[in-house]
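One-letter residues, chain by chain:
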Amino acid sequence: MSAKPVRNIVILGGGTAGWMTAAALSKALGDSGITIALVESDVIGTIGVGEATIPTIHWINNLVGLDEAAFMAATKATYKLGIEFHGWQGDGHQYFHPFGTYGAPGDGVIFPHRLIRGWLGGLDASPEPYSLNTQLARARRFARPVGDPRSMLSTIGYAYHFDAGLYAAYLREQAEARGVRRFEGKVTGVEQDGASGFIRSVTTDKGDRLAGDLFVDCSGMRGLLIEEKLKAGYETWPDWLPCDGAWAAPTPADLQGHPYTCAFAHEAGWRWRIPLQHRVGNGYVFSSRFQDADAARETLLAAIGEPSAEPRLIRFTPGRRKRAWIGNVVAIGLSSGFLEPLESTSIHLIQTGIGKLLSLFPRAGCSPLLAEQYNRIFEREMEDVRDFLVLHYHFTHGRDEPLWRHCQQTPLPDTLRYKIDQFRASGRIMLATEDLFRDASWFAVMTGQGIRAEDYNPMLDAMSDAANLEHLEKVRGAIAQSTAQIAKLP
Ligand SMILES: Cc1cc2nc3c(=O)[nH]c(=O)nc-3n(C[C@H](O)[C@H](O)[C@H](O)COP(=O)(O)OP(=O)(O)OC[C@H]3O[C@@H](n4cnc5c(N)ncnc54)[C@H](O)[C@@H]3O)c2cc1C
């Protein structure tokens, strides 16, 4: 095993994943003397979708050192306070998955138990008035969270909608300013070491040869290095996540756009609506087993009206690479897998790829132990997100189209079944420390999808039913008051 340090990093691909990786590595590696080259092909282009994020996006923006106002202007971004789900329990039904927490500051994870206790005692109330994020979203108001844990504003969480192409371009500026060298051209040759299997260099149709000790494969779904060269293998879950295509099309900007994503259930999939500053992003994610592509296109157009550009069809296979790090190649972005965009998790998974690479940054020999750790965490992360998605697809009691019936009848992954059983039995949300979605998210989606808890944490019995209801009422009032004091979006 070589004890030499990594000297040259080659990033293959200049989509969101490639430029996020380039910006983060160039910032984190600073003046270490490590060179970073990125190669991308204008002919191949990028996938061109990916507009919604979750609050973890602040991690990379802070790491790279982005100024929020400048970043939002450059990427035509809007604020996102959560996701509104329409029709997932049948037409007319809706619920909200807020970022941020339920209840007042200090209520923490016990708050959902207060609500469950109220419900079991006959309280007829939706969780929405007990979430400041939801109330702000509904009222088109916005404030940033504050650090003071006594302030109601500490319960807020937010992310952004942005134009992913502009985001990649913005990060490219940051990365190039820090010395990342960009090469344009199609990679047509890959040189591999016969003994170790390590990738030594890639060459382009323009004649450039890029040698490296470490390669980051950000080449998109095909996985040029990780799959085509290194045969990582791909695990799929077509019964749990049956959607495998999407039509995407923009419509004109909505000047009164909502600070949240909408996800509408349809006959054979679901449709997103994402307001940006300069347009509204729309897309219909569908299962080709239950609807052909032409009919899916019609479903989208019937819902959104006249688009401002031709709809584009994107096919995908939900799943993950069995190994995302092999030898001296680490796959980040779509090259490592894709679940589907219902909870806007792909850009987050790019970040966790970058985070793992930084914390497990190798020497030039690329210890297989580091790769093993990376792959173990990657597997858990992907399964954790998969389970959260399956939760939406499985519990759709009011829908009886063939896709939804199929999902209702497919047995759950054991890991998800366990969480549901625990919640039903005692109202508890059993999370591992590394789980991405936390109590408020699981509570919002489980209750939104119609799962009911049969008990609550008995610690609450220290107070009477009446005192619990009084507390709930106080929280509702305080949230309404805070909402009224927060400025409306322009
Ligand atoms: C329908 C849909 C909706 C989505 N919505 C969201 C969302 O709301 N939120 C979210 O977080 N994510 C979303 N995603 C995922 C998101 O689009 C991707 O995770 C993100 O764009 C990263 O893509 P990428 O950079 O890995 O791949 P790509 O964008 O495909 O980039 C691949 C790069 O590799 C280059 N390349 C490939 N082959 C070669 C070659 N031979 N030579 C040189 N260069 C090459 C290409 O030119 C390109 O630069 C969505 C995805 C889909 C399919």
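Note that the coordinates shown come from a computational prediction; the quantities given were computed from them, not determined experimentally.

Visitor: Got a minute to help me understand the layout of surface pockets in this structure?
Guide: Here the idea is plain: a probe the size of a water molecule rolls over the atoms and shows the empty space left. The computed volume of the second largest pocket comes to approximately 370 Å³. What lines the second largest pocket is a set of 19 residues, and nearest its centre among them are Gly100, Leu436, Arg438, Ala440 and Ser441. Elements supplying a minimum of two residues to the lining of the second largest pocket: strand 5 (94-98) and helix 13 (439-448). The dominant element in the lining of the second largest pocket, judged by the number of residues it contributes, is helix 13, at 3 residues. When its residues are assigned to classes, the lining of the second largest pocket shows 10 nonpolar, 7 polar and 2 charged.

Visitor: I would appreciate a short explanation of the site of the ligand in the present structure.
Guide: Around the ligand sit 35 residues in total, of which Val49, Ala52, Val187, Leu334 and Ile347 are the nearest. Here serine 346 contributes a backbone N or O atom positioned 3.4 Å from an oxygen atom of the ligand. Contact with the protein chains removes 97% of the 1000 Å² of surface that the ligand exposes when unbound. Broken down by element, the shell around the ligand gets its largest block of residues, 3 residues, from helix 9 (residues 346-359). Residue classes in the shell around the ligand are distributed as 17 nonpolar, 14 polar and 4 charged.

Visitor: What is the right way to look at empty space enclosed by the protein in this model?
Guide: This model, assessed by the stated rule, comprises 1 cavity of 30 Å³ or more. Computed from the structure, the largest cavity encloses a volume of approximately 40 Å³. Forming the walls of the largest cavity are Asp239, Trp240, Val390, Tyr393, His394, Cys407, Thr410 and Leu412. The biggest single contributor to the lining of the largest cavity is helix 10 (residues 368-394), with 3 residues. Grouping the constituent residues of the lining of the largest cavity by class yields 5 nonpolar, 2 polar and 1 charged.

Visitor: Before we go on, may I ask you to explain the packing of aromatic side chains in this structure?
Guide: Note on aromatic pairs: each is described by the distance of the centres and the angle between the planes. Counted by the stated rule, this structure contains 24 aromatic pairs. Between phenylalanine 71 and tyrosine 167, the ring centres sit 5.8 Å apart and the planes meet at 70°, which makes this aromatic pair edge-to-face. Linking phenylalanine 71 in helix 3 (residues 68-75) with tyrosine 167 in helix 6 (residues 164-177), this pair joins segments that are 96 residues apart in sequence. Look at phenylalanine 85 and tryptophan 88: their rings are 5.8 Å apart centre to centre, the planes differ by 85°, and that puts the pair in the edge-to-face class. A single burial state applies to phenylalanine 85 and to tryptophan 88, both of which are buried. The structure contains a cluster of three or more aromatic residues connected by ring pairs, namely Phe71, Tyr79, Phe142, Tyr158, Tyr160, Phe162 and Tyr167. Seen from the ring of phenylalanine 264, arginine 271 lies directly overhead, with NZ or CZ sitting 4.0 Å from the centre.

Visitor: Sorry if this is basic, but what is going on with the sheet that holds strand 9 (residues 199-204) here?
Guide: Backbone-to-backbone hydrogen bonds pair the strands of a sheet. The strands run either parallel or antiparallel. Here we have 3 strands laid out as an open sheet, ordered 8-9-10, and antiparallel in their pairing. The two strands at the open ends of the sheet, each matched to only one other strand, are strand 8 (187-192) and strand 10 (209-211). Looking at each pair of strands side by side, their axes are set apart by 20° on average, direction ignored. Pairing between strand 9 and strand 10: 3 bridges, direction antiparallel. Looking across to strand 10, one finds that serine 201 is bridged to alanine 211.

Visitor: Can you help me understand the pairing of strand 11 (residues 214-217) in this one?
Guide: Two faces, one strand: in a regular strand the side chains alternate between the faces of the sheet. Neither face of strand 11 is open: one carries Leu214 and Val216, the other Phe215 and Asp217, and all of them are buried. Taken together, the 4 bridges between strand 1 (residues 8-12) and strand 11 define a ladder with parallel strand orientation. By the bridge assignment for strand 11, leucine 12 is matched with aspartate 217. Across 3 bridges, the pairing between strand 11 and strand 20 (residues 329-331) is parallel. Bridge pairing in strand 20 links valine 216 to valine 330.

Visitor: In this structure, what is going on with helix 1 (residues 16-29)? I would like to understand it.
Guide: Over its 14 residues, helix 1 runs 20 Å from end to end, which matches the ideal 20 Å to within 8%, given 1.5 Å per residue. Counting buried positions along helix 1 yields 12 of 14 residues, so the element is predominantly enclosed. Just beyond helix 1, the residue with positive phi is glycine 30, at close to 45°.

Visitor: Any chance you could explain unusual backbone geometry here in plain terms?
Guide: Residues other than glycine predominantly adopt negative phi, and peptide bonds predominantly adopt the trans conformation. Notably, lysine 76 is not glycine yet its phi reads approximately 55°, a positive angle. Looking at the secondary structure, you find lysine 76 in the loop between helix 3 and strand 3 (78-80). At lysine 231, a residue that is not glycine, the phi angle is positive and equals roughly 50°. Tracing the backbone through its elements, the reader meets lysine 231 in the loop between helix 7 (224-229) and strand 12 (234-236).

Visitor: Can you help me understand the side chain of aspartate 439 in this one?
Guide: Secondary-structure assignment places aspartate 439 in helix 13. There is no salt bridge for the buried aspartate 439, and the closest opposite charge comes from arginine 438, which lies 5.0 Å off by N-O distance. Once residues within four sequence positions are removed from consideration, aspartate 439 is found in contact with Val109, Ile429 and Leu431.

Visitor: Teacher, can you tell me more about the pairing of strand 4 (residues 82-86) here?
Guide: When you tally the buried positions in strand 4, you get 4 out of 5 residues, the bulk of the element. Relative to strand 5, strand 4 is paired through 5 bridges, and the arrangement is antiparallel. Directly across from glutamate 84, in strand 5, lies its bridge partner phenylalanine 96.

Visitor: Just checking my understanding: could you explain the environment of arginine 321 for this structure?
Guide: Tracing the backbone shows arginine 321 in strand 18 (residues 319-321). Other than its neighbours up to four places away in sequence, arginine 321 contacts Met221, Arg222, Gly223, Ile226, Glu227, Ala232, Gly233, Tyr234, Ser335, Ser336, Gly337 and Phe378. For arginine 321, the side chain forms a polar contact with the side chain of glutamate 227, separated by 3.0 Å.

Visitor: What am I meant to see in the environment of phenylalanine 71 here?
Guide: For phenylalanine 71, a relative accessible area of 1% translates into the label buried. Discounting residues that sit within four places of it in the chain, phenylalanine 71 has contacts with Asn61, Leu66, Tyr160, Phe162, Tyr167 and Tyr170.

Cut-offs and rules
- Residues numbered from 1 in each chain as written.
- Predicted model: local features only at pLDDT ≥ 70, side-chain atom pairs only at ≥ 80, totals over all residues.
- Heavy atoms only, no water.
- 1 Å grid on protein atoms, 1.4 Å probe; cavity = no way out; pocket = protein on both sides within 12 Å on 5 of 7 lines; lining within 4 Å.
- Points joined across faces, edges and corners; volume = space filled by probe spheres on them.
- Helix = DSSP H or I, 4+ residues; strand = E, 2+ residues; numbered from the N terminus.
- Nonpolar A, V, L, I, M, F, W, Y, C, P; charged D, E, K, R; others polar.
- Near = heavy atom within 4 Å.
- Polar contact = N/O pair within 3.5 Å; in protein donor to acceptor, adjacent residues only side chain to side chain.
- Areas by Shrake-Rupley, 256 points an atom, 1.4 Å probe, with all protein chains shown as cover.
- Phe/Tyr/Trp six-rings, centres within 6.5 Å; stacked < 30°, edge-to-face > 60°.
- Buried < 20%, exposed > 50% of the residue type's maximum accessible area, 1.4 Å probe, protein only.
- Lys NZ or Arg CZ within 6 Å of the ring centre and 35° of its normal.
- Pairing = 2+ DSSP bridges.
- Axes fitted to C-alpha atoms, helices over the stretch in contact; angles between N-to-C directions.
- Expected span 1.5 Å × (residues − 1).
- Lys, Arg positive; Asp, Glu negative; His and termini not counted.
- Salt bridge = Lys/Arg side-chain N within 4 Å of Asp/Glu carboxyl O.
- Contact = heavy atoms within 4.5 Å.

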